[in-house]
Each structure stands twice: as C-alpha cells, then as structure tokens.
Amino acid sequence: MSVDPSRIRNFSIIAHVDHGKSTLADRIMDVTGALSARERMEQFLDKLELERERGITIKAQSVRLRYKAQDGLEYQLQLIDTPGHVDFSYEVSSSLRACEGALLVVDATQSVQAQTVANTYLALKNDLEIIPVLNKVDLPSADVDRAARDIEEVIGLDCSGAIFTSGKTGIGVPELLEAVVQRVPPPQGSPDAPLRALLFDCWYDSYRGAVIMLKVVEGLLRKGDKIKLMATGRTYEVTELGCFSPHPVALTELGPGEVGFAAAHIKSVGDTKIGDTVTHATNGATEPLPGFEEVKPMVYAGLFPTDSADYEDLRDALSKLHLNDSSFQYEPDTSEALGFGFRCGFLGLLHMEIIQERLEREYGLDLITTAPSVVYRAKKKTGEVIEVDNPSKMPSPGDLELIEEPIVKVAIHVPSDYVGAVVKLCEERRGVQLNLHYATPEHVVITYELPLAEVIIDLHDRLKSVSRGFASMEYELAGYRPDDLIKLDLLVNGEPLDALSVILHRDSAFFRGRALTAKLKELVPQQQYEVAIQAAIGSKVIARTTVRALRKDVTAKCYGGDISRKRKLLEKQKEGKRRMKAVGNVEVPQEAFLAILKLDDTK
Amino acid sequence: MTAAKVANDARPWGAYVHFPWCLKKCPYCDFLSIPVEPQRLTSPGSSPRRLPRAPLDAPSARQVLPHEAYADAVLWELEARLPGLNLTTRPASIFFGGGTPSLWAPEQLGRVVTALSRGGPPRNPAPGAARGATETAAPPPETPALEAAPLEVTVECNPTSFDEEHARRLVDVGVNRISLGVQSLDPERLEFLGRLHDPEGALQAIAAARRAGVPRVSADLIFGVAGQTPEQAAAEVRRLAATGVTHLSAYALTIESNTHFGTLARRGQLPLLDEGLVAESFRAVDEALEAEGFLHYEISNYAREEHFALHNLGYWRGHDYLGLGTGAWGTVRLGGGSRLRYRNTPSVERYLESWTGQSSADPYAEGRHLADREPIDPETELRERLLLGLRLRDGLDTAQAEAEVGVELWSPRRRRARDKLLRSGRLAWDGVRLWIPPDQWLFADGIIADLL
C-alpha cells in the first residue's frame, strides 16, 4: 500500500562541493536509523570510488527514510540526491523537479558559491520550499551571521528560519528533520488520474538492464504494469518495483508523491531519457509532464588508444560505460596522427575527465585525449550548414561563408578584491560584460557572455588562480554568435598533426600558436633526431620551435649496488613513455594533445 | 629436493665485500667511502662546514685502520649469512670493492678470501684466534663437495696505496685480478677529478701489478670530462691499452646528485662537456680499443681475449651475489626460494657492533644491521634481467631467463614494444638471444625502458 501523500516529504540537498552534503545526508540516515552501525562508513550515498576521491556526487541516489515526528505521526521522508557539478545541471534540474522542498546547505566557514546560487535558482524556478541550513557550525572558523547575511543578500532568501547543523557532530539534525516535516509541502496528486511519473535518474544493472528512478506525480504504478516512456514511445513491463532505504526494498506499488525505482527489461540507459514522463501503455496520460529536454553534449574530444592494438578494448569499454551513462556520445573517428579512435561528446570538461579516468582505471586503457572542442556551426557558400565538432571537419576558408560559435552566459561569484582580475580575464577571453553586481560590499556577482570555447580552455583554473581560489563560476548556453574564427594546425617535422589542430579566434592565433609551439617543445622529449614543431594557419607558418636531438641516453655504471635504483629510474622512464604516441617517427606525450589547455596567458 | 631446486641452487653466484675507507672522497664518487681521519675513523662523510683536512698518506692511514676487527666482522657476517641460502657451490667470484680495498692489510683480506673460497667461514673466526691459524679448520663432513672451478678474486686498488710488494702480498692470499682506479692519464683531469695520484703513479701501479704476476689487470677510466676532446679520450685509452692491461672500464663521467660534483652542478658551478661531445668520445673510445684488439663486451667495459670481469658478468646475467661489509648490497635467493635484495648499514660503528660474534638472529630480517631490504618478485627479477642483460654485447638469453625466473617474458605489450624496436633497428633478436646493436648503445636506457 502506498502512503498517503500528506505523510510524504520529498526533498533534496543543494550544496557546493565540499560544503558537507554527503556527510549531512549520512547523518540524516543515522538519525532516522536507516543505517546499522556497521554501515556508518563515511558518505554512504557516494557509491563510486571515483566520486569519493573527487568528493563529488555524480550519480544521484535517493533514499526513503521513516521518521517519527514530534507530532507523533510517522512520515516517509524521501531524500533525493542531486549531482553536484556544473556539467550536470540538467540532471540536477530533473532531480529537483521530483521534490517539493530543498535544503540549501552552506558551509558556515565559507561564503555562498556560484554553483549553490545556480542550483537554488533552479529550485526556486521549480517552486520548491527552501530551508537554509548553515553547516559546519562546530568549526571555530564558522561565521553563521556572515553566511546567513550572504544567503539573504546574494540569493535573496530569508534566513530567519535557518537551521544550524554539523554533519560531523550531528548537531541540529533532529531540528532539521522537524523543519522538513513542517515546512516542506506534501506532494499533491490524485491516485485516480492517469499515471504520470517523472523519470529523474537511471543506471545500468548487469542483471536487470537499465533501472529507472521515478517519482509518481499522479496515478498509481504497480508491479507488472505495462508502461510507456513518452519521449521514445517505447513500452515495457515493470518486473520489479522498489525503493532504497538505503538498501533496496521490493514494493508492489508506488502511489502519488512516492519515489522508487523500476526495472522493466530496458536494454540500456540510452533507451531512457532523464526528465521523461512514464505512463501506462494503455489508458495512459496524453500530456507529458513539463520540462523535458534532450541533453546534448557541449564538449567534444577524441579518445585514442595509445597502443592501436587496444582499439577493440576501447570500443568495448565505451559501449559498457555508455550503458550506464548515456549523456556522453561516441562515434568512430580516425586521425592521421593517432590512428583509429573515437570522437566523444561530453556534458562538460569534468564529465570528460571522469569518463577518461574511468576508462583508464576500470578498463586499464592507456588513452590519448585530444584537446576538447565545442560544436561550431559553419555555413558554407553553398548555403549548407554543418556542425563542426572536430577541427578536422572545418571547411576550407574558400568554402566558408560564416562560422558561428556557442556562447555561454557565465555567472562568477567573487570577493570584491578580485573583481579587477576577473574582469581582465574575461575581457581577454572575448567576453561581453552583462552585469556587475555588488550583492554585498564583499560579494560581487559578475555576469559575462563568453564563447564556450574560451570557457573550456582552462577558464575555471585561471579564475581560481587569479582569485586565490575564491571565485566560483556557473554557466549556461546562451546561443550562437558568428566570429572571425580560424583553424590553427600544428606540424611536427613538417607533418600536420591533425589531432592537435584547434579552432581559434584570429586575433589570438599568433599568440597561441607561439605559446603552443613553446609548450610542445617542453613536452616532446628529445628523440634521436631533431624535431621541428610549427604552428600554421593554412600554409602560412606563424611559429616554430625545435627540439634538439638526443645525443645520449645511457647509464655508464650498473653494478650490484645500482640495480634497484636504476630499475626504478627506468620504470619511471617507461611510465612516461606509456602515455606517448608515436606520430610518424616522433614520440609525442599525452600532455601534448592537451597543451592548448595549459598555456599561460600571462607570458 | 626437486630437480628444479637442485638446478636452482647450483647456479653460479658471487660474493661482494665492501671496504669503506678511502684516503679521500672523490668528488664524483657516490659509493660509500669514508675518508680516513684518525679522530673520526668510523663515521661516513665529514661535516661540510669543517675545513677539509689534508688527506693522510697510505702508510699513515693503514696504521689507524681496524684491519683485523673489520675482517672479523666480515667473517662473522659470512657465517651468519651462508646457512640461510642453501648453497651447494662456492662462489664463482669474489670482488673487494670500496672505498679503497688496497688500504686493507692483505693478510686480513686474505682471511675473507680463504673463508669464501672454502664455501664457508672457518668454524671459529673469533677475534682471539691467531692470525693464520684460521686455516686449520676443515670443512665439516656434512658440507657438500664444492665445485672446483677457477675462482676469480678481484681487488679494487688505488695507485696511491698500491705497489709491487702490496701486489705480491695480494697474490699470495689468492687474489688473481686487480682493478686499478687510473681514471685519467692527464694531470689536469686527474686534479679536476680530485685524484691524489699523477699519470706517472698510475702507470707505475699497472707495471707493479704486472711485475708481481697478477694474472689479470684492469684499469678504470673516466672520459667525457669538460675540455676533453674525443681524440684525447681515444689517445688516452690507447696509451692505457699499451700498458699491458687486459681489461678496461671506460665510463662517461656521470654527475650523481649526492656527490660534491652533484652539488656544484646544481649551482651551475661545474664545467660540463657538451652531451654531443660525450657521445662522440664514447664512439672514439670504442673505435680505439676495438682497433687495439679489445672486445667491447658491455656498455662501459672492454676486454682482451677472454679476460672479462667474471664477477661483473654475474651482475649483468642476473646471478645472485652475497654482499658483505659496511654498506654492501647483496641479492640472494633465500632458503624458501624467494629472492631478496639487502643493503648493509653504511655506518661502520653499527656494522662492527652487529657482527661481533655468533648471532642467532635472522641476518636477512629487518634490523639495525640493514639499511635497506627489498624482496624481488619474479616479475621484477625478469625486468632486472632485461635491464642488465641488454647492457651486454651478447645480450640476454631470454629462454634461460624465463626458465630460471619462471615468468613469461613476452607479454603482448612487451612483444609489441620488441617488434617496434626491431623494425627501427634499435634491437636485435634471434629467437632466443635479445641484444641491443652496439651502434645503439648510446640510447640503451630508452630502449630498455620500452621493454620493461
């Protein structure tokens, strides 16, 4: 039997990375008795090892908890976990749409970060009741007054009812749960209406196929029901229903307002769309829930095996990863320099790094990743418009009428001391200032329109470095705009290294070409012959450096006392070479392909 | 005992004995060496803030060195170490390195030679035993018969502590090979290298060894020093070849970070020869010595006829070596079959304290007597076989290495690396033997790294 909606509270936690979301979530499970003592290992909700290392929640996991409130009634609290990074904002938005309330967790020792603000706005847009929570109040450096004032002035949210907590000690957690019961509204929805359930998460299980996470908005979903995913129109039979508490518990039905998972022999996560509406195959709803969008990759990069014999392994690994994460795309690609590989599309740079790391760690592959590129729109003189997600697809200048690039609106939160440096950085990156707002005398919100290509070239790192780590940023796509863009090629010993080509603004081509050749000179190890590195636009060479030939690379003495040390040195040398790709007869290290991301603009 | 085990235990092995003291520490040397100073006999190094003292001469140094106590300690160590190893043969070679072993009294060094050549120490090497009396103890009946193969006994000697009489005394105690630290025949370079001898002294030392009837004399030489042309390097080795030495080690000067030269180089205060000229000198030395009839049998080693350094060949072929003495490294197969590399403490005090009598403690277990201890698993051993074997002109017998180590060499990745190197002519392979063509030796490290 499903629970009466008046006893259900669906809520999520909005927090910046490191502001203690996972610890607090674990503490909530503690207080409600969901975890046994043995299971109280840290951050239960962050399942994957990789996420734990990065301190980021990528795949949302949602937990149902029983809570006896002070009014003597038992409530079904549903915590809906959200991914915590800018690349996953659509997933965040879908998760938030499954809630009626949200905890806005701010680290009382720090200030409000851009990511938090963006997600809070997403929550407000979805009419969520927001409860401000000042966390880490046990730390001596906590300044709750300042943090509360920040929330009020930066976000415009009343903090008089803020709850003070410590995920570490558990202070304030009972008060927090009471506030959830009292302030988060119960879900509304009639059990008699045709079924409409929001699909807000999905993962791959090797026994069950794609398992979907749902919130029933109205109607009833029972085990054995025939369901339809409205965006794809495909139908399935529900073979299993359940919820996490936090361990999986089998259920026979989900009523209005309830959250749970369903298995239905769905082959891969690619067959499901986050934000889609699930209804019954017969007599289902006619209108889907609002807010569904197709997520499109924003950043593309080539992935190539260092050893071309690993191509098949890479293909298998990608298809396995894709089963579990359909938000990245891949298709076969060939490069003259790198051989056979894949062109992959990602939601953002972090997403790209995560996929790359998982391929290397979980599948033991050595990869060369090419510099990430955005999707340009090239209008040819023939009138044809093509999407250029790889510099090699750029039409030759003679055929090109116009090229447009994606523009993003970037909101940067920064202490007032660093406004000058941030503005300078954005101007250098072809930014157009939209707004500069002193939310408080210390907290400034700067809004710029920037080409996405300039954002993915280390803008985040540079922003952190010019603001001593204090600035935070958040961006959203704001359309396409034409500009004077050209393709810059790199040549090694006269041979174009297609995987190193980049599309750049003409004004920065000379500078970046020079910086790139200089960087490559540092990165390309000496070989037995001289190596010339050139940057060229079309046939015009604009920069050149030379890597001198290696004259000797041999250890003079190796006797009994030298062996261990020598072996370790050679193993290190081998480790370095593992990430190199032979291009013609030149060994090029993996870093070289990402050199464009590591240029120092200040030089 | 299985047949494989027998074969295992019958493999040749060597013994390395370290004698740590020197008259003076050379600025390029990163071996353990302790300058002899009467008041600070036993501590390595000296405070850098102190003004350098004028070094002692060899006779004065010999007066203050603890010749007998050191030999006693080495013998106790040997007695403790041998039982853990299941050896059925005596060593194929003994090498006294340093430091400067020519400062050690030959009769004391001889006690160690005697004990090792019998395959074990005398029953009672107690400090009280009279000199020479130690030879009376017969091997106990349970000791298996030892192989009677010729034993190579090498002592590293320095021209400043070596003459014909010393050479004769060494020959008398069983030494049959002398390795002389000549380093250069040019007065300025010798001074730059911080050597205490002059070219004349070096040539006299070689002549003395030959007159004393040392069957094999080798000289060490350093080339690639700032200001030296490849022609000069070649001329120098030709002069040395003409002295009658039958073995030459010619090393390109290597700046090790933990040496005085290392410090100077970091500060940019050390004149260095251009890498290209060092490479040319390497080739010039090779050509000169090959023309003189020497075989370039290892990256830095040349021998006439069959006068290879057998002890060093043992290292390059992956044989075990028992390390004895302060700071010595050893790599041995323990009774259970696992391989261990260890290094003795570099502190002479600690070394002498550790080996003052019979000890019941496991000499291969961690303890104050060891500075380092590294189990070598079969994969690692195989990698070492590669990196060592590929230094030899003959290369590595891969079938033998696989059989002895028990690990397959040709993983798909290594096979691909090999084939790529073969295609570019940087490696050669006849199905069993794998070697680096001598014209690629200058790039050996990169080639080896590809295969590891």
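What you see is a predicted model; the values in this text were computed from it and never measured.

Draft legend 1. Layout of the overall build of chain B. Across its full length, chain B holds 16 helices and 17 strands. Counting only residues that meet the buried cut, chain B has 56% of its 452 residues in that class. A total accessible area of about 18300 Å² is found for chain B, and carbon and sulfur atoms account for 52% of it.

Draft legend 2. Just the overall build of chain A, in detail. Each helix and strand counted, chain A has 14 helices and 33 strands in total. In chain A, which comprises 603 residues, the share counted as buried stands at 58%. Of the contacts formed within chain A by residues at least 6 apart in sequence, a portion of 69% connects residues at least 24 apart. Carbon and sulfur atoms make up 49% of the accessible area of chain A, which totals about 24900 Å².

Draft legend 3. Structural detail: the sheet that holds strand 20 (residues 367-369) of chain A. All names here are of chain A. Reading across from one edge, 18-19-17-20 is the order of the four strands in this open sheet, with antiparallel pairing throughout. At either margin of the open sheet sits one strand with a lone partner, and together these are strand 18 (329-335) and strand 20. The average undirected angle you get between the axes of adjacent strands in this sheet is 30 degrees. One ladder, built from five bridges, connects strand 17 (residues 299-305) with strand 19 (residues 339-346); its direction is antiparallel. The residue bridging Gly302 from the neighbouring strand is Arg343, located in strand 19. Where helix 7 (residues 311-324) meets the sheet, its contacts fall on strand 17, strand 18, strand 19 and strand 20, and the angle it forms with strand 19 comes to roughly 20 degrees. Running over the sheet, helix 8 (residues 349-363) touches strand 17, strand 19 and strand 20 and is turned about 165 degrees from strand 20.

Draft legend 4. Spatial organisation of the pattern of salt bridges. Residue and element names in this part refer to chain A. Evaluated as defined, the whole model comprises 59 salt bridges over all chains. Ionic pairing is found between Arg208 and Asp205, a salt bridge with its closest N-O pair at 3.1 Å. Judged by its relative accessible area of 33%, Arg208 is partly exposed. Overall, Asp205 belongs to the buried group, its relative accessible area being 17%.

Draft legend 5. Geometry of the interface of chain B and chain A. Across the contact, 45 residues belong to chain B and 31 residues belong to chain A. When chain B packs against chain A, the two sides together hide about 3400 Å² of surface, and 51% of this comes from carbon and sulfur. Inspection of the region where chain B meets chain A yields 11 salt bridges. Here Arg567(A) makes a salt bridge to Glu374(B), at a shortest N to O gap of 2.6 Å. Counting the contacts that link chain B with chain A gives 24 residue pairs in polar contact (both at pLDDT 80 or more). Considering every element that reaches the side of chain B that touches chain A, the biggest residue donor is helix 16 (residues 444-451) of chain B, with six residues. Grouping the constituent residues of the side of chain B that touches chain A by class yields 20 nonpolar, nine polar and 16 charged.

Draft legend 6. Broad picture of the environment of Gly431(B). Tracing the backbone shows Gly431(B) in the loop between strand 16 (428-429) and strand 17 (433-435). Residues Gly431(B) and Asp397(B) lie 34 residues apart in sequence; the distance between their C-alpha atoms is 9.4 Å.

Draft legend 7. A look at the sheet that holds strand 16 of chain B. Overall, antiparallel pairing links the three strands, which are arranged 15-17-16 (chain B) in an open sheet. At either margin of the open sheet sits one strand with a lone partner, and together these are strand 15 (396-397) and strand 16 of chain B.

Draft legend 8. Geometry of unusual backbone geometry. Look at the link from Gly98(B) to Gly99(B): it is a cis peptide, with omega at 20 degrees. Relative to the assigned elements, Gly99(B) resides in the loop between strand 4 (93-98) and helix 4 (106-117). Of note in this structure, Arg430(A) is not a glycine but carries a positive phi near 65 degrees. Here Arg430(A) lies in the loop between helix 9 (419-428) and strand 24 (432-438).

Draft legend 9. Looking closely at the nonpolar core. Ranked by internal contacts, the top residues of the largest apolar core, which has 130 residues, are Val17(B), Phe96(B), Trp104(B), Phe162(B), Ile178(B), Leu180(B) and Leu322(B). Two domains each provide a minimum of three residues to this core, namely domain 1 (3-316) and domain 2 (379-451) of chain B. Ile178(B) has contacts with Val155(B), Cys157(B), Phe162(B), Leu170(B), Val214(B), Arg216(B), Val217(B) and Ser218(B), leaving out every residue within four places of it along the chain. Counting 51 residues, the second-largest nonpolar core is a separate cluster that includes Cys344(A), Val444(A), Val455(A) and Ala471(A).

Draft legend 10. Spotlight on the packing of aromatic side chains. Overall, the coordinates contain 25 aromatic pairs over all chains when judged by the stated rule. Arranged with centres 5.7 Å apart and planes meeting at 45 degrees, the rings of Trp203(A) and Phe244(A) form a pair that is tilted. With Trp203(A) in strand 7 (residues 196-205) and Phe244(A) in strand 12 (residues 240-244), the pair connects residues that are 41 residues apart, well separated along the chain. Grouping residues by exposure puts Trp203(A) and Phe244(A) together as buried. Ring geometry for Tyr330(A) and Phe342(A): centres 5.8 Å apart, planes at 70 degrees, overall edge-to-face. With a gap of 12 residues between them, Tyr330(A) in strand 18 and Phe342(A) in strand 19 connect regions that are remote in the sequence. Classification of Phe342(A) by relative accessible area gives buried; the value is 2%. Joined through ring pairs, the aromatic side chains of Tyr559(A), Tyr251(B), Tyr297(B), Phe308(B), Tyr315(B), Trp316(B) and Tyr321(B) make up one cluster. Between the NZ or CZ atom of Arg377(A) and the centre of the ring of Tyr480(A), over which it lies, the distance is 3.8 Å. Positioned over the ring face of Tyr251(B) is Lys557(A), at 4.5 Å from the centre of the ring.

Draft legend 11. Up close: the packing of helix 15 (residues 412-423) of chain B against helix 16 of chain B. Residue and element names in this part refer to chain B. Between helix 15 and helix 16, the shortest axis-to-axis distance is 8 Å and the interhelical angle comes to 145 degrees. Taken together, the residues of helix 16 that come into contact with helix 15 (itself represented by Arg414, Ala417, Arg418 and Leu421) are Ile447, Asp450 and Leu451. By residue class, the composition of the contact of helix 15 with helix 16 is four nonpolar, no polar and three charged.

Draft legend 12. Main features of the side chain of Ser564(A). By the element assignment, Ser564(A) lies in helix 13 (residues 563-578). The class of Ser564(A) is buried, set by a relative accessible area of 5%. Apart from the residues lying within four places of it in its own chain, the contact partners of Ser564(A) are Arg341(B) and Glu374(B).

Draft legend 13. Quick peek at a positive patch on the surface. On the surface, Lys521(A), Arg548(A), Arg551(A) and Arg283(B) cluster together to form a positively charged patch. As for its position among the elements, Arg548(A) is in the loop between strand 31 (540-547) and helix 13. Residue Arg548(A) is classed as exposed on the basis of its relative accessible area, which comes to 57%.

Draft legend 14. The arrangement of the side chain of Thr165(A) in detail. Residues and elements named next belong to chain A. Tracing the backbone through its elements, the reader meets Thr165 in the loop between strand 6 (163-164) and helix 6 (173-183). Judged by its relative accessible area of 0%, Thr165 is buried. Polar side-chain contacts of Thr165 include one of 3.0 Å to the side chain of Asn135. With sequence-adjacent residues up to four places away left out, Thr165 is seen in contact with Leu24, Val133, Leu134, Asn135, Lys136, Val137, Ile171, Gly172, Val173 and Leu176.

Draft legend 15. Looking closely at the pairing of strand 6 (residues 177-183) of chain B. Residue and element names in this part refer to chain B. The buried fraction of strand 6 is high, at seven of seven residues. Because side chains alternate across strand 6, one face comprises the buried residues Arg177, Ser179, Gly181 and Gln183, and the other comprises Ile178, Leu180 and Val182, equally buried. Judged from the four bridges that link them, strand 5 (residues 152-157) and strand 6 form a sheet pairing that is parallel. The partner of Glu156 across the bridge, within strand 6, is Ser179. In this view, the connection linking strand 5 to its parallel neighbour strand 6 by way of helix 5 (residues 164-172) has right-handed handedness. When strand 6 meets strand 7 (residues 216-223), the two strands line up parallel, connected through six bridges. Directly across from Arg177, in strand 7, lies its bridge partner Arg216.

Draft legend 16. Representation of the state of the cysteines within the structure. Evaluation of the coordinates by the stated rule reveals zero disulfides over all chains. The cysteine Cys22(B) is free of any disulfide, with Cys26(B) supplying the nearest cysteine sulfur at 6.4 Å.

Draft legend 17. Broad picture of helix 10 (residues 275-291) of chain B. Residue and element names in this part refer to chain B. Its 17 residues place the ends of helix 10 24 Å apart at the C-alpha level, agreeing with the 24 Å of an ideal helix rising 1.5 Å per residue. Every buried residue of helix 10 is accounted for by Gly276, Val278, Ala279, Ser281, Phe282, Ala284, Val285, Ala288 and Leu289. Put simply, Asp274 is the residue that caps the front of helix 10, since its side-chain oxygen is 2.9 Å from the backbone nitrogen of Gly276. Just downstream of helix 10, Gly293 is the residue with a positive phi angle, here 95 degrees.

Draft legend 18. Here's a closer look at the confidence of the model for chain B. Residue and element names in this part refer to chain B. In this model, chain B carries a mean pLDDT of 87, and residues with pLDDT of at least 70 account for 88%. Counted against residues more than four places away or in other chains, residues 1-8, with its pLDDT under 50, gives five contacts. Every residue in residues 45-51 is under pLDDT 50, and counting partners more than four places away or in other chains gives six contacts. Overall fold confidence (pTM) sits at 0.65, and the ipTM for the predicted complex is 0.87.

The rules behind the values
Residues numbered from 1 in each chain as written. Chains lettered and ligands numbered in written order. Predicted model: local features only at pLDDT ≥ 70, side-chain atom pairs only at ≥ 80, totals over all residues. Heavy atoms only, no water. Helix = DSSP H or I, 4+ residues; strand = E, 2+ residues; numbered from the N terminus. Buried < 20%, exposed > 50% of the residue type's maximum accessible area, 1.4 Å probe, protein only. Areas by Shrake-Rupley, 256 points an atom, 1.4 Å probe, with all protein chains shown as cover. Contact = heavy atoms within 4.5 Å. Pairing = 2+ DSSP bridges. Axes fitted to C-alpha atoms, helices over the stretch in contact; angles between N-to-C directions. Salt bridge = Lys/Arg side-chain N within 4 Å of Asp/Glu carboxyl O. Buried area = accessible area lost by both parts, 1.4 Å probe. Polar contact = N/O pair within 3.5 Å; in protein donor to acceptor, adjacent residues only side chain to side chain. Nonpolar A, V, L, I, M, F, W, Y, C, P; charged D, E, K, R; others polar. Core = buried A, V, L, I, M, F, W, Y, C linked by side-chain atoms within 4.5 Å. Domains from an automatic or database assignment. Phe/Tyr/Trp six-rings, centres within 6.5 Å; stacked < 30°, edge-to-face > 60°. Lys NZ or Arg CZ within 6 Å of the ring centre and 35° of its normal. Patch = residues over 30% accessible without salt bridge, like charges linked within 9 Å, V, L, I, M, F, W, Y side chains within 5 Å. Lys, Arg positive; Asp, Glu negative; His and termini not counted. Charge placed at Lys NZ, Arg CZ, Asp CG, Glu CD. Right-handed = clockwise from strand over helix to strand, strands pointing away. Disulfide = S-S within 2.5 Å. Expected span 1.5 Å × (residues − 1). pLDDT = per-residue confidence, 0-100.

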